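Notes for the structure review
Now for the letters of each chain:
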Amino acid sequence: MVKRIVVLGAGISGVGTAVLAKKKGFNVFVSDMGTITDENKAVLLNNEIDWEEKKHSSARILNADEVIKSPGIPDNVDLIQQLIEKEIPVISEIEFAFRYTKAKIAAITGSNGKTTTTLLLGHVLKSAGYDVLVAGNIGVGFAFSLAERDYDYIVLELSSFQLDGIKEFRSEVAILLNITNDHLDRYNYKAEKYAESKFRITKNQTNRDVLIYNADDVKIQSLSSNAKKIPISLKKKQMEGGFYNNSEITINLNNNTMTMQELALKGQHNIFNSMAAAMAARVFEVKDTVIRQAMIDFQNVEHRLEHVLTVHGIDFINDSKATNVNACWYALESMTKEVVWIVGGVDKGNDYAELTEMVDKKVKAIICLGENNENIIEAFKGKVEIIVQASSMQEAVNQSYALSDKQDVVLLSPACASFDLFANYEDRGLQFKKQVRNL
């Protein structure tokens, strides 16, 4: 009897999963509570996949042999609880697609820096001439790509939500960059539950695998793993591992040492990301000369500390991807001029006190962009002289221009999710760039 697969959510990961499942001979049904895009409907129709939108029909879902759900659907919703009660397996796209690849996998997670590190490692491996897929939480879908063909190497950016849905997934190299409080609304406001999700990246690793981890992060230091643990640090020299000292990165693996000084990416956080990618490339036996050159010619990800324009001496920086406080801290830390800071959105349980010292040093004015700004205003009232509110990106950019002097920086680094005024952080960043170009 043909196995029945139900896919919940018809975004990139859901549609890709459905296409892969169909190609593997399963009976596939896709259900989405929202509206499915015309583009994704066309893909489903072309692959003769049954679907529904704007509802979840229990009768067509609760008879599944296995369910693959979108990472955006929480485990505590009624439908998922019903599936669990009926002992119907509920997994992520990552778990499902993993079954259909023979590639060597590098999996990357962390509260911040995972997109940059994923793209950087992918760039290094491609520069070495390897056959590489870069996927996961960015770009093309993991399952969608495997429906076309397999690869020799796969580099995956994995969110905590994606890791929550794995059972057998395993990577030869796992990178755990950092853990700072994020998405606490999804984890009952318990930081330890969020951390446990991140730790799942090494859950199925064996002693043949490698875990590259942040030795400076106290939440990670005690993490147990079956894999070989390789520390990287910005603060302390490592006998085996990576460290940064006197403006030089040192990578030491299996008593073989390489050093790097020149990097395309600026800022302390990007030194760390570069170190992590270089160490992973070393594990995959990329030559030192290739790693060094790739680190120099890498182009950074859109919406992450992206220089948009300089208008009358004012630099406009798009950091829309900074959706939590820690990412925002790194952005402010890397600024060398006075900052007019555009901040705000959907607050996920943020503690803005972590930014107080950095704001004192760097920020001359704050523009609150969002529908609920009380926490931001309360956190910085009396610390920053000018705090104003904006209800649209056009208003925020116009205000920032009026409040800036020549040699200042306008930094969009929201520290919040985007769903109050924008479709996602990309939409927010694109609207910022459009309004800056209209000045």
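A few points about the overall build of the protein chain
Secondary structure assignment for the protein chain yields 17 helices and 20 strands. Its C-alpha atoms give the protein chain a radius of gyration of 22 Å, within 12% of the compact-globule value 22 Å for 439 residues. Each of the 439 residues in the protein chain was classed as buried or not, and the buried ones make up 57%. Of the roughly 19,000 Å² that the protein chain leaves accessible, carbon and sulfur atoms contribute 46%. Computed over 50 positive and 57 negative side-chain charges, the separation of the two mean positions in the protein chain equals 4 Å.

Re the environment of Asp-360
Structurally, the position occupied by Asp-360 is in helix α14 (residues 356-362). Residue Asp-360 is classed as partly exposed on the basis of its relative accessible area of 48%. Expressed as a C-alpha distance, the spacing of Asp-360 and Phe-380, which sit 20 residues apart in the sequence, is 9.2 Å.

Let's talk about the pairing of strand β6 (residues 104-109)
For β6, the buried fraction is high: five of the six residues fall into the buried class. Where β6 meets strand β8 (residues 153-157), five bridges bridge the pair, whose relative direction is parallel. Looking at the pairing, Ala-106 lines up with Val-155 of β8. Bridge count between β6 and strand β9 (residues 173-176): four bridges; the pairing is parallel. When the bridges of β9 are listed, Ala-107 appears paired with Ala-174.

Details of the sheet that holds strand β15 (residues 306-311)
Taken in spatial order, the six strands line up as β15-β16-β20-β17-β18-β19 in an open sheet, and their pairing is mixed. Each edge of the open sheet is held by one strand with a lone partner, namely β15 and β19 (386-390). Taken over all neighbouring pairs, the strand axes of this sheet differ in orientation by 20° on average, direction set aside. Relative to strand β18 (residues 363-369), strand β17 (residues 339-343) runs parallel, the two being bridged by five bridges. For Trp-341, the partnering residue across the bridge sits in β18 and is Ile-366. Relative to the sheet, helix α17 (residues 425-437) contacts β15, β16 (314-318), β17 and β20 (409-412), its axis offset from that of β15 by approximately 15°.

Here we look at unusual backbone geometry
Look at Ser-247: it is not a glycine, yet its phi comes out positive at around 60°. The backbone phi angle of His-312 is positive, close to 50°, even though this residue is not glycine. For His-312, the location among the structural elements is in the loop between β15 and β16. Classification of His-312 as exposed rests on a relative accessible area of 62%.

Here we look at the layout of surface pockets
In this structure, the second largest pocket occupies an estimated 620 Å³ of space. For the lining of the second largest pocket, the secondary-structure elements that each account for two or more residues are α10 (218-221), α11 (268-283) and α13 (325-333). At five residues, α11 tops the list of elements feeding residues into the lining of the second largest pocket. Considering only residue class, the lining of the second largest pocket consists of seven nonpolar, 13 polar and six charged.

Looking at α11
Helix length check: α11, at 16 residues, gives a terminal C-alpha distance of 23 Å against a target of 22 Å (1.5 Å per residue), a fit within 8%. Taken across its 16 residues, α11 has 14 buried, putting it largely inside the fold. Positioned one or two residues after α11, Glu-285 has a phi angle of 65°, which is positive.

Reading guide: rules and limits
- Residues numbered from 1 in each chain as written.
- Predicted model: local features only at pLDDT ≥ 70, side-chain atom pairs only at ≥ 80, totals over all residues.
- Heavy atoms only, no water.
- Helix = DSSP H or I, 4+ residues; strand = E, 2+ residues; numbered from the N terminus.
- Rg over C-alpha atoms; globule rule 2.2 N^0.38 Å.
- Buried < 20%, exposed > 50% of the residue type's maximum accessible area, 1.4 Å probe, protein only.
- Areas by Shrake-Rupley, 256 points an atom, 1.4 Å probe, with all protein chains shown as cover.
- Lys, Arg positive; Asp, Glu negative; His and termini not counted.
- Charge placed at Lys NZ, Arg CZ, Asp CG, Glu CD.
- Pairing = 2+ DSSP bridges.
- Axes fitted to C-alpha atoms, helices over the stretch in contact; angles between N-to-C directions.
- Contact = heavy atoms within 4.5 Å.
- 1 Å grid on protein atoms, 1.4 Å probe; cavity = no way out; pocket = protein on both sides within 12 Å on 5 of 7 lines; lining within 4 Å.
- Points joined across faces, edges and corners; volume = space filled by probe spheres on them.
- Nonpolar A, V, L, I, M, F, W, Y, C, P; charged D, E, K, R; others polar.
- Expected span 1.5 Å × (residues − 1).

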